[in-house]
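Each chain, letter by letter, is given below.
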Amino acid sequence: MIIVTGNDIPGYRIDAVFGEVMGLTVRSRDFGSNLLAGFRAIGGGELPELTQALYESRHEVMNRMVVEAQQRGANAIIAMRFDASEIGQQWTEVCVYGTAVVAFPIPAGEPGSTGQSAAIAAQG
C-alpha cells in the first residue's frame, strides 16, 4: 500500500476515491513507565519508555488505517496525517487519517510518468 502525505502521488493516476480512512487507539500510561519517565524528566532529554509507547501506537493505528482502506478496495492512501492528544493525565489518543484511493502507475511516455512509475507499470 502506498501512503503519502501529499494530495497526489507523483507518477500515478488516481482513478477512484473511497473517502476518509482512519486508525485510532487510546493508551493508558502504566504507573511504572510514568514513574521512570518522571525521574528521567528531571535530568532532561528523551524519555525512551514514552517514545517507544508512542512509536508502537503510531504503528498500530497505521495498520488499522491500511486494513480499512483495503476493505474499501483501495491500494493507496493520500493526504495522511497523524494527530495525538492527551485525555486527562493518564491517557493518550493517537489517530491517523487519510483518503483511500485507487492509484495506477503512469507508463513511460505518457504525461506525468516518472522513472519509478514507468518501471512499475512495465512490470504489469
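Scroll up a little and you will see the structure.
Definitions and cut-offs
- Residues numbered from 1 in each chain as written.
- Predicted model: local features only at pLDDT ≥ 70, side-chain atom pairs only at ≥ 80, totals over all residues.
- Heavy atoms only, no water.
- Pairing = 2+ DSSP bridges.
- Helix = DSSP H or I, 4+ residues; strand = E, 2+ residues; numbered from the N terminus.
- Contact = heavy atoms within 4.5 Å.
- Core = buried A, V, L, I, M, F, W, Y, C linked by side-chain atoms within 4.5 Å.
- Buried < 20%, exposed > 50% of the residue type's maximum accessible area, 1.4 Å probe, protein only.

A look at the pairing of strand β4 (residues 91-105)
Direction of pairing for strand β2 (residues 12-28) relative to β4: antiparallel, over a ladder of 15 bridges. Bridging from a neighbouring strand, Arg27 pairs with Thr92 of β4. With 10 bridges joining them, strand β3 (residues 76-87) and β4 adopt antiparallel strand pairing. Counterpart to Ile78 in the pairing with β4 is Thr99.

Some points on the environment of Phe82
With respect to the secondary-structure elements, Phe82 resides in strand β3. Excluding anything up to four places from it in sequence, Phe82 contacts Arg58, Val61, Met62, Cys95 and Val96.

Quick word on the nonpolar core
Membership of the largest hydrophobic core is limited to 12 residues, which are Val21, Val61, Met62, Met65, Val66, Ala69, Ala74, Ile77, Met80, Val94, Val96 and Ala100. Those elements that provide at least two residues to this core are α2 (48-71), β3 and β4. Sorting elements by how many residues they give to this core places α2 first, with 5 residues. Beyond its immediate chain neighbours, meaning those up to four positions away, Val66 contacts Met1, Ile3 and Ile77. Counting residues in hydrophobic clusters, the runner-up holds 7 residues, among them Ile9, Tyr12, Val101 and Ala103.

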